[in-house]
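# Secondary and tertiary structure notes
Each chain, letter by letter, is given below.
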Amino acid sequence: MTRIINRQPAPLGRLVLATLPFILLALVYLLASDARLAENPSDKLLPSMQSFVEAINRMAFEPSRRTGEYLLWVDTWASIKRLFTGVGISAAIALLIGVANGMIPYARAPLSPLVRALSLVPPMAILPILFIVFGLGELSKVMLIIIGITPIMIRDLQLRTDALPEEQLIKAQTLGANSWQLILRVVLPQLLPRLIEAVRLTLGSAWLFLIAAEAIASTEGLGYRIFLVRRYLSMDVILPYVLWITLLAFITDYLLQLLSKKAYPWYHAQLGEK
Amino acid sequence: MSEIPSIQPIIEARQLWKEYGEQVVLERINLKVMPGEFVSIVGASGCGKTTFLNLLLGTQQATRGELLLDGQALDPEPSPERGIVFQKYSVFPHMTALENVMLADEFAQSALFGRVWGSARKALGKKAMAMLERVGLGHAASRYPSELSGGMQQRLAIAQALMKQPRILLLDEPFGALDPGIRKDMHGLIQQLWQEQQLTIFMITHDLQEGFKLGSRLWVFDKVRHDPQQPERFGAQVTFDLPLASEGAKQAAAEQLQQVSNPTTISKEQQHDLSNAV
C-alpha cells in the first residue's frame with residue numbers, strides 16, 4: 001500500500017478538503033446559534049445570520065444617526081492609514097539600519113546590541129509612555145506599531161544581508177565597486193524582495209499593536225469600534241468587524257506577494273531552484 | 001599600467017607564511033610567476049591551496065613574507081587587478097546576463113549611482129554584448145542567471161571578470177560543479193581566452209587531469225614536514241612545481257608525479273588518470 005505521506009488529493013478533492021473546515025465551522029455556529037435563540041430569542045451571544053445582515057447594513061451602508069458618517073468605512077480608513085504609515089516607516093528604517101548593520105562593521109558595533117535590546121522591550125508595556133510623550137493623537141498609535149515591529153524587521157534584514165554569499169561581495173569589489181556602489185547595486189536590490197517578505201510576516205503583529213492602541217485611546221478605527229460595542233455585547237457587530245479585518249489582512253498579504261512576484265521574478269525563480 | 005619589463009615576474013612570493021594562531025597553513029612559499037602563465041594548483045583538501053588563493057585575492061593577509069604583484073605589495077582587499085571566478089555565486093542573481101557584464105563599467109563611470117543611463121548606457125551595452133558573444137552567451141543576454149545552466153553561469157562569471165582586464169585571473173574550482181561534457185566545452189573556452197587575451201591565470205582544481213590539460217605549469221601543495229603529535233605545527237609548501245608548457249614537459253611531469261608515494265597528495269586513481277591524459 002502507498003504510504004500516506006506519498007498520497008496526494010486530486011485537484012477537486014483538494015478544493016473540497018480546503019473548504020470543508022470552513023463549512024463545518026459555519027454549520028456548528030448556525031446550529032449553536034439556533035439552539036440558543038430557540039431558548040431565548042433576545043440572546044446576544046450567538047446572533048443569527050439575519051442580525052448580522054442588519055448590523056452590516058447599519059454599519060456600512062447607512063449613515064450613523066449621531067454623526068451622519070458611514071461608520072465601517074470611516075473606521076476602515078482610519079485604521080488602514082495608521083497601519084500603512086506605521087508599517088511603511090518601519091520598513092524604511094529597517095532597510096536602512098538592517099543593511100548598515102549587515103554591511104558596515106563600524107555601524108554594526110554600536111547599533112546591533114542596541115537593536116537587540118530594544119527588540120526585547122515588550123511594546124505594550126511602553127504604550128502608556130507613548131501616550132504621555134506623544135499625546136493621544138495619531139502619532140502615538142503609529143509609534144506603537146513602529147516600536148513594535150521595527151526591531152524585528154531590522155534583525156531580519158540584518159540576517160538576510162549577512163546571508164548574501166560572500167562570493168558576490170568579493171566579486172563586486174574585484175569589479176571596482178566602492179562600498180557605496182556595492183550596497184546600492186548589489187545589496188539593496190537583492191534585499192527588496194526580502195523586505196517584502198519581512199513586511200508580510202510582521203503585518204499580523206502590526207494589526208495587533210494597532211488594535212491595542214485603538215482600543216485604549218481613539219475616536220474611530222476598527223479596533224476602537226470593536227471595543228466600543230463590546231459594552232453592549234454587540235456580537236452582531238464584533239464578528240463582522242473581525243472577519244473584515246481578517247479579509248483586509250489577507251488582501252494586503254496577497255497584494256504584497258503579487259507585487260514581489262511581478263517586480264522580482266529573479267528572486268522567485270531562485271527560490272524555486274532550491 | 002606603465003610598461004613592465006618582461007623579465008619582471010607578475011606575481012612573486014617571498015618567504016610567505018600563513019598561520020592561524022598556532023596552526024601553520026602555509027610555510028616558506030617562494031615562487032615567481034611570469035605574465036602569460038597558466039598555473040594549475042592541486043593538492044589534498046585542507047592543504048592550503050584555497051588559503052593561497054585568498055592571499056592572492058586579498059581577502060586574507062600573509063602572516064609573514066611578501067606577496068608582490070608587478071613588484072608591488074598587493075592591496076589588502078579585493079581590487080580590479082585581480083579577477084575572480086568562484087565555483088558558485090559569482091554572478092548577481094538580480095541582474096540579467098548583460099547587466100552583469102556591464103556592471104564593472106558602470107561602477108567606473110558613475111561613482112554616485114553605480115549606474116548609467118541614455119547613450120552612455122547604450123555604449124556600455126554594446127561593449128558588454130561583444131564580451132557576451134565572445135563567451136558564447138550572445139543569445140542569453142536578457143536572461144537572469146537563474147534561467148541559465150551551470151555552464152552558462154560560469155561563462156557569464158568569466159565574461160564579467162574579464163571586463164576589468166585584470167592582471168591576474170583567479171579561478172577557484174570553476175568547473176567543479178559541471179557535467180563532464182560541459183566541462184570539456186569550458187576547457188576549450190578558457191584556453192581560447194587565455195591565449196587570445198594573454199591572461200595570467202591561477203586555477204585551483206580537484207581534478208589533476210584538468211590541471212594537467214589546461215595549465216602551462218602545475219603546483220602541488222603538500223606538507224613536507226609532519227609531526228604526528230602536533231599536526232598543525234607545520235604548514236604546506238609547493239612540493240612540485242612542474243612546467244607543462246610542451247608535450248615533452250607534460251610527459252616528464254607525469255612520470256615525476258607517478259613516482260610520488262604519498263597517497264594524500266595524489267591517489268593511485270589520479271596517477272592512472274594522468275597516464276591516460278598524457
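The structure reproduced in this document is the subject of the present report.

A tally of regular secondary structure across chain A gives eleven helices and zero strands. Taken from N to C terminus, the helices and strands of chain A fall in the order α-α-α-α-α-α-α-α-α-α-α. Over its C-alpha trace chain A gives a radius of gyration of 24 Å, far above what one expects of a compact globule, namely 19 Å for 274 residues. For chain A, the spread of C-alpha atoms along the principal axes amounts to about 80 × 65 × 30 Å. As presented, chain A carries roughly 15,800 Å² of accessible surface, and 70% of it is formed by carbon and sulfur atoms. Taken together, the 25 basic and 18 acidic charged side chains of chain A have centroids lying 5 Å from each other.

So, on to the pairing of strand β4 (residues 64–69) of chain B. Residues and elements named next belong to chain B. Of the strand pairs in this sheet, strand β1 (residues 11–20) and β4 are connected by five bridges, and their pairing is antiparallel. Within β4, the residue paired with E12 across the bridge is L68. Of the pairings in the sheet, the one linking β4 to strand β5 (residues 72–73) comprises two bridges and is antiparallel in character. Counted as the bridge partner of L69 is Q72 from β5. Connecting β4 to the next strand, β5, in antiparallel fashion are two residues, including D70 with a positive phi near 50°.

Residues and elements named next belong to chain A. In this structure, the largest pocket spans a volume of roughly 810 Å³. Taken together, the elements giving at least two residues each to the lining of the largest pocket come down to α2 (49–61), α3 (71–103), α9 (222–229) and α10 (235–263). With six residues, α2 is the largest single contributor of residues to the lining of the largest pocket. When its residues are assigned to classes, the lining of the largest pocket shows 14 nonpolar, seven polar and eleven charged.

What follows concerns the side chain of T76(A). Residue and element names in this part refer to chain A. By secondary structure assignment, the location of T76 is in helix α3. For T76, a relative accessible area of 9% corresponds to the buried category. A polar contact is formed between the side chain of T76 and the side chain of W244, at a distance of 2.9 Å. If we skip the residues at most four places from it in the chain, T76 touches L222, W244 and L248.

Residue and element names in this part refer to chain B. Along strand β3 (residues 38–43), six of the six residues are buried, which leaves the element largely enclosed by surrounding structure. Residue alternation in β3 divides its side chains into two sets, F38, S40 and V42 and V39, I41 and G43, and both sets are buried. Bridge count for β3 against strand β8 (residues 200–204) is four bridges, and the pairing is parallel. Bridge pairing in β8 places F38 opposite I201.

On to the interface of chain B and chain A, then. The parts lose accessible area when they come together, and the size of an interface is often stated as this lost area. The interface of chain B with chain A comprises 34 residues on the first partner and 24 residues on the second. Carbon and sulfur atoms supply 65% of the area that chain B and chain A bury against each other, a total of about 2,500 Å² over both sides. At the surface where chain B touches chain A, the tally comes to one salt bridge. With a shortest N-O distance of 3.0 Å, E106(B) and R185(A) are connected by a salt bridge. Between the two partners, chain B and chain A, sit nine residue pairs in polar contact (both at pLDDT 80 or more). Elements supplying a minimum of two residues to the side of chain B that touches chain A: β6 (82–85), α2 (97–109) and α4 (150–162) of chain B. The dominant element in the side of chain B that touches chain A, judged by the number of residues it contributes, is α2(B), at four residues. For the side of chain B that touches chain A, the per-class residue count stands at 20 nonpolar, eight polar and six charged.

Residue and element names in this part refer to chain A. The geometry of α3 relative to α9 is characterised by a closest axis approach of 7 Å and an angle of 130° between their N-to-C directions. The orientation of α3 with respect to α9, classified from their angle, is oblique. Of the residues in α9, those in contact with L71, L72, D75, T76 and S79 of α3 are L222, G223 and R225.

The rules we used
- Residues numbered from 1 in each chain as written.
- Chains lettered and ligands numbered in written order.
- Predicted model: local features only at pLDDT ≥ 70, side-chain atom pairs only at ≥ 80, totals over all residues.
- Heavy atoms only, no water.
- Helix = DSSP H or I, 4+ residues; strand = E, 2+ residues; numbered from the N terminus.
- Rg over C-alpha atoms; globule rule 2.2 N^0.38 Å.
- Areas by Shrake-Rupley, 256 points an atom, 1.4 Å probe, with all protein chains shown as cover.
- Lys, Arg positive; Asp, Glu negative; His and termini not counted.
- Charge placed at Lys NZ, Arg CZ, Asp CG, Glu CD.
- Pairing = 2+ DSSP bridges.
- 1 Å grid on protein atoms, 1.4 Å probe; cavity = no way out; pocket = protein on both sides within 12 Å on 5 of 7 lines; lining within 4 Å.
- Points joined across faces, edges and corners; volume = space filled by probe spheres on them.
- Nonpolar A, V, L, I, M, F, W, Y, C, P; charged D, E, K, R; others polar.
- Buried < 20%, exposed > 50% of the residue type's maximum accessible area, 1.4 Å probe, protein only.
- Polar contact = N/O pair within 3.5 Å; in protein donor to acceptor, adjacent residues only side chain to side chain.
- Contact = heavy atoms within 4.5 Å.
- Buried area = accessible area lost by both parts, 1.4 Å probe.
- Salt bridge = Lys/Arg side-chain N within 4 Å of Asp/Glu carboxyl O.
- Axes fitted to C-alpha atoms, helices over the stretch in contact; angles between N-to-C directions.
- Parallel < 35°, antiparallel > 145°, perpendicular 65-115°, else oblique.

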